[in-house]
Amino acid sequence: MCGIVGYSGRAAAAPVIYGGLKRLEYRGYDSAGIATLDGGNISVAKKQGKVSSLESCAENLSGETGIGHTRWATHGKPSDTNAHPHAIGKFAVVHNGIIENYAELKARYFPDTDFLSRTDSEIIVRLLDKFYSGNLLHALKEVSSLLKGSYAVLVICADFKGFAVMKYKSPVIVGGGRGESFAASDAPALAGLCKKISILEDGDFALASASGVKIYDNNLNPAARQKIINRATAASLDLNGCAHYMQKEILESPSAAENTVKAFSRVQGKLKEVFADVARVIITGCGTAYNSGLVAKRYIESFARMPAEAEIAGEFRYKNPVITTGTAVIAISQSGETADTVEAAKLAKSLGAKVIAVTNAPYSALTLVSDVVVPVAAGHEICVAATKSYTGQIAALYLTAKLLASLNKKPAAQTMKNAKAEICAIVPLLTDTVAHTDMDALAQVCARADGVYFLGRDIDYAVALEGSLKLKEITYIQSEGYPAGELKHGTLALIDENKTAVVIITDENLAIKCENAVEQVLSRKGKVAVITNVTGCARRLKGKVPVIEIPPSPKELSPLLSAAAVQLLAYKTALILERNPDQPRNLAKSVTVE
Ligand code: AGP
């Protein structure tokens with residue numbers, strides 16, 4: 001959702017910023033730009049397209065201070081003009097976020113000015129230019145007091161040998177090294193550049209130069225922010241011989257599960273305290289995180305026999321949720337930045353709920369509002385489509401539900417050691433699944449289909465939703481996830497010879513029922529394939545429809561394996577259709593705006 005990078009030091013700024021933007025491209029890739037400062041002169045290069053479109057023009061930007069941006073358009077279509085940085089007078093700015101009152105501010109302060117771009121961000125540079133009277137920090141403070149919405153903004157000013165930062169509700173990290181300072185939206189931008197980073201808080205400002213980063217709070221008092229290790233390294237971002245990050249990250253799913261199990265021990269004690277009086281759980285998140293929440297709902301209901309609901313975070317935050325005494329809200333987010341999920345967690349907290357974050361980002365906006373953070377230890381996920389983070393979430397949620405069951409002494413209660421061992425026993429099976437499941441033939445069928453329906457019952461339905469999301473996201477094929485039993489209540493009308501159904505069957509007791517759905521689709525001339533670990537089901541269906549067998553596992557842990565299968569299917573289908581699976585059109589990895 002837009003990536004920003006700033007540098008000030010002794011090296012040429014443009015190449016450093018270009019490298020940082022390349023590593024942040026997962027946050028948006030419809031246009032990019034860099035501005036540098038050289039002896040009081042600001043130069044700008046910006047272009048529609050990916051960061052690589054900047055390569056040649058960035059070489060001509062001189063100066064040892066600069067700011068850069070890779071964009072995911074919110075206001076104003078992708079174009080050279082709407083690309084950031086925006087420069088007016090002595091200033092250039094890059095912005096991640098949305099200025100919700102930009103039209104109002106424009107009408108109030110610049111009624112007769114023709115703006116250069118159609119972006120909400122241009123108002124920031126115009127206001128800085130208007131209110132600046134020699135003190136950069138004061139101008140930033142004044143402008144920030146006028147803005148409504150969310151922003152992480154980097155500013156260069158002709159009078160200051162460095163760059164400035166202001167932050168509200170959009171993420172920004174800062175760091176310094178020997179004679180240089182950096183800022184970025186996320187740690188990978190600073191991989192190999194900065195070993196320690198600080199996360200700015202809402203309302204913070206910073207001035208960054210060759211002599212270091214000075215942080216100020218909202219009253220412009222100097223502020224200290226905790227320094228943490230930047231775990232993103234050049235090696236951790238390497239493709240390791242894979243063609244795409246999606247492939248690499250699917251292959252890393254087993255270690256995501258294993259590392260998440262190890263990391264759980266660190267929070268078990270705290271989680272017990274938070275769960276002490278909990279009698280009801282609401283799970284929230286967006287996209288894939290919501291889909292893993294649907295699996296968690298089943299875990300909590302069946303292991304802890306406790307009422308559990310799953311709510312899409314963007315819906316939850318705008319309703320008037322019923323938070324009774326003893327309600328815990330589990331907020332799931334890979335990035336920990338998703339605006340809807342963070343706001344849902346804040347709302348839940350303000351209404352008295354205990355908030356449990358399940359996240360791959362240990363220092364994020366979500367963790368700041370949570371009573372306890374259950375780590376997903378998947379490592380950096382670069383591909384826009386979530387894969388290994390889903391696996392990590394399932395492992396974390398399984399253990400969370402088992403802990404809740406043990407506290408409530410329910411029949412499914414077992415020692416946490418056993419619960420962890422159950423996941424660890426799946427890891428080799430998952431390694432085998434991601435390495436050897438042959439999805440080529442089915443991917444060919446899906447690539448030719450007009451629409452693909454993922455069907456399943458109970459926990460398989462939750463995975464069907466994830467399979468459908470993955471496929472539509474990276475192939476642009478119309479797809480739906482549906483409960484297998486619901487097919488006949490409407491969706492069957494859509495089935496014809498150009499449609500494909502992928503039926504997931506991992507529960508022996510529901511297999512025959514799901515096979516009915518297979519027959520219903522075949523009878524309407526639709527194509528069908530089945531992903532199953534039920535031996536009898538495979539035997540009955542082989543020869544009739546393509547059957548992809550995944551290893552047998554306890555029913556509740558089957559999403560670890562069946563999700564890997566549907567991820568591989570989406571990946572292979574994208575390759576056939578020559579889509580870029582890592583950077584699907586119109587999307588960005590972290591959705592930090594509404
Ligand atoms: C998943 O493939 C998507 N890219 C998307 O649905 C994602 O899961 C969603 O935006 C939530 O992101 P988060 O986990 O970082 O909060």
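Counting restarts for each chain, with residues numbered from 1 along the sequence as it is written. Under the rules for a predicted model, residues below a pLDDT of 70 receive no local features and side-chain atom pairs below 80 are neither given nor counted, while totals for whole chains, interfaces and linings still include all residues. Only hydrogens and water are set aside when side-chain values are computed; all heavy atoms of the structure are taken into account.

**Q** Honestly, the site of the ligand in this entry has me stumped. Any pointers?
**A** Throughout this document, a residue counts as near a molecule or strand when at least one of its heavy atoms sits within 4 Å of that molecule or strand. Within the structure, the ligand sits among 14 residues, and S333, Q334, S335, T338 and E473 are positioned closest to it. Contacts described as polar in this section are N or O atom pairs within 3.5 Å, which, within protein, must combine one atom able to donate a hydrogen with one able to accept it, while residues neighboring in sequence count only if both atoms come from side chains. The separation between an oxygen atom of the ligand and a polar side-chain atom of T338 is 2.4 Å. The Shrake-Rupley method, run with a 1.4 Å probe, gives the accessible areas here. Residue values count only the displayed protein chains as cover. Summarising the interface, the protein chains cover 90% of the accessible area of the ligand, which totals 410 Å² for the free molecule. The way it works is that DSSP assigns letters per residue, a run of H or I at least four long becomes a helix, a run of E at least two long becomes a strand, and they are numbered from the N terminus. Breaking the shell around the ligand down by element, the ones donating at least two residues are helix 9 (287-304) and helix 16 (459-475). Residue classes in the shell around the ligand are distributed as 6 nonpolar, 6 polar and 2 charged. Residues are grouped as follows: Ala, Val, Leu, Ile, Met, Phe, Trp, Tyr, Cys and Pro are nonpolar; Asp, Glu, Lys and Arg are charged; all remaining types, including Gly, are polar.

**Q** Can you walk me through the pairing of strand 4 (residues 65-71) in this structure?
**A** Looking down a regular strand, the side chains alternate between one sheet face and the other. The buried count for strand 4 comes to 7 of 7 residues, which makes it a mostly enclosed element. Residue exposure (1.4 Å probe, protein chains only): buried if accessible area is under 20% of the type maximum, exposed if over 50%, otherwise partly exposed. Alternating residues of strand 4 divide into T65, I67, H69 and R71 and G66, G68 and T70, and every residue in both groups is buried. Of the pairings in the sheet, the one linking strand 1 (residues 3-8) to strand 4 comprises 6 bridges and is antiparallel in character. When the sheet's bridge partners are listed, V5 is paired in strand 4 with G68. The criterion for strand pairing is that DSSP finds at least two bridges linking the strands in question.

**Q** Would you mind going over the sheet that holds strand 24 (residues 547-549) with me for this structure?
**A** Within a beta sheet, neighbouring strands are joined by backbone hydrogen bonds and run either parallel or antiparallel to one another. Overall, parallel pairing links the 5 strands, which are arranged 21-20-22-23-24 in an open sheet. Looking along the sheet, the strands with just one partner apiece sit at the ends: strand 21 (478-483) and strand 24. Each adjacent strand pair in this sheet contributes to an overall mean axis angle of 20 degrees, direction not counted. The pairing of strand 20 (residues 451-456) with strand 21 spans 6 bridges and is parallel. Across the sheet, residue L455 finds its bridge partner in strand 21, namely Y482. It only takes one pair of heavy atoms within 4.5 Å for two residues to be counted as in contact. Between N-to-C directions, angles cover 0 to 180 degrees, with each direction set by a line fitted to C-alpha atoms, over the stretch in contact for helices. Across the sheet, helix 15 (residues 440-448) touches strand 20, strand 22 (499-505), strand 23 (527-532) and strand 24, and the angle it forms with strand 22 is around 140 degrees. Those strands touched by helix 19 (residues 558-576) are strand 20, strand 22 and strand 23, and its axis lies near 160 degrees from that of strand 22.

**Q** What exactly am I supposed to notice about the packing of aromatic side chains here?
**A** Given two aromatic rings, one states the distance between the centres and the angle between the planes to describe the pair. Pairing of aromatic rings covers Phe, Tyr and Trp, the last through its six-membered ring, and needs centres within 6.5 Å; plane angles under 30 degrees mean stacked, over 60 mean edge-to-face, and all others mean tilted. As enumerated under the stated definition, the model contains 8 aromatic pairs in all. When the ring of Y109 is compared with that of F131, the centres are 5.6 Å apart and the planes differ by 80 degrees; the resulting orientation is edge-to-face. Here F131 lies in helix 4 (residues 122-131) and Y109 lies in helix 3 (residues 102-109), a separation of 22 residues in the sequence. Residue classification places Y109 among the buried residues on the basis of a relative accessible area of 18%. On the numbers, 5.4 Å between centres and 85 degrees between planes, the contact of F303 with Y398 is edge-to-face. Residue F303 is found in helix 9, and its partner Y398 is found in helix 13 (residues 388-407); the two are separated by 95 residues along the sequence. Take F303: its relative accessible area is 4%, and that puts it in the buried class. Charge-over-ring contacts are defined here by two conditions on Lys NZ or Arg CZ: a distance within 6 Å of the ring centre and an angle within 35 degrees of the ring normal. Above the ring of F115, the side-chain terminus of R126 is found at 4.7 Å from the ring centroid. Looking at K402, its charged tip hangs above the ring of F303, at a distance of 4.0 Å from the centre.

**Q** Is there a simple way to think about helix 14 (residues 416-436) in this case?
**A** In an α-helix there are 3.6 residues to a turn, and that puts residues three or four apart on one side. To estimate how far a helix should reach, multiply one less than its number of residues by 1.5 Å. With 21 residues, helix 14 should cover 30 Å at 1.5 Å per step; its first-to-last C-alpha distance of 31 Å lies within 8% of that length. Bending is quantified residue by residue as the angle between axes fitted to the seven-residue window ending at that residue and the seven-residue window starting at it. Of all the bends in helix 14, the greatest, near 30 degrees, is centred on P428. Where helix 14 is buried, its residues contact helix 6 (245-251), helix 7 (253-264), helix 8 (268-275), helix 13 and helix 19.

**Q** In this structure, what is going on with the nonpolar core? I would like to understand it.
**A** We call a set of buried residues a nonpolar core when its members are Ala, Val, Leu, Ile, Met, Phe, Trp, Tyr or Cys and they connect through side-chain atoms within 4.5 Å of each other. Formed by 118 residues in total, the largest nonpolar core has its most connected members in V281, Y299, I300, I330, I356 and I423. Apart from the residues lying within four places of it in its own chain, the contact partners of I423 are A257, V261, A395, Y398, L399, L557 and L560. Formed by 31 residues, the second largest nonpolar core is a distinct cluster that contains L105, F110, L140 and Y151.

**Q** Honestly, the sheet that holds strand 18 (residues 354-359) in this entry has me stumped. Any pointers?
**A** Reading across from one edge, 16-15-17-18-19 is the order of the 5 strands in this open sheet, with parallel pairing throughout. Taken across any chain shown, the strands that pair with only one partner, and hence form the sheet edges, are strand 16 (308-312) and strand 19 (372-375). Neighbour-to-neighbour, the strand axes of the sheet open up by a mean angle of 20 degrees, direction not taken into account. In this sheet, strand 16 lies alongside strand 15 (residues 280-285) in parallel orientation, the contact comprising 5 bridges. Bridging from a neighbouring strand, V281 pairs with A308 of strand 16. Against the sheet, helix 11 (residues 339-350) touches strand 15, strand 17 (327-333) and strand 18, its axis set at about 165 degrees to strand 17.

**Q** I tried to follow the domain arrangement of the protein on my own but got confused; where do I start?
**A** When the parts come together, some accessible area is lost, and that loss is often what is quoted as the size of the interface. Annotation comment: domain bounds sourced from an automatic or database domain assignment. As far as domains go, the protein holds domain 1 (3-236), domain 2 (238-434) and domain 3 (440-576). Taking only C-alpha atoms, the centre of domain 1 and the centre of domain 2 are 33 Å apart. Contacts between the two partners involve 17 residues from domain 1, matched on the other side by 9 residues from domain 2. Together domain 1 and domain 2 conceal approximately 1000 Å² of surface at their shared face, both sides included; 56% is due to carbon and sulfur atoms. Buried area is a sum: the accessible area each of two parts loses on coming together, probed at 1.4 Å, counted once for each and added.

**Q** Hey, could you run me through the pairing of strand 12 (residues 205-209) in this one?
**A** For strand 12, the buried fraction is high: 5 of the 5 residues fall into the buried class. Across the two faces of strand 12 the burial is the same, with F205, L207 and S209 and A206 and A208 all buried. When strand 8 (residues 163-168) meets strand 12, the two strands line up antiparallel, connected through 4 bridges. Bridging from a neighbouring strand, V165 pairs with A206 of strand 12. Hairpin geometry of strand 12 and strand 13 (residues 212-216) is characterised by an intervening segment of 2 residues between the two adjacent antiparallel strands.

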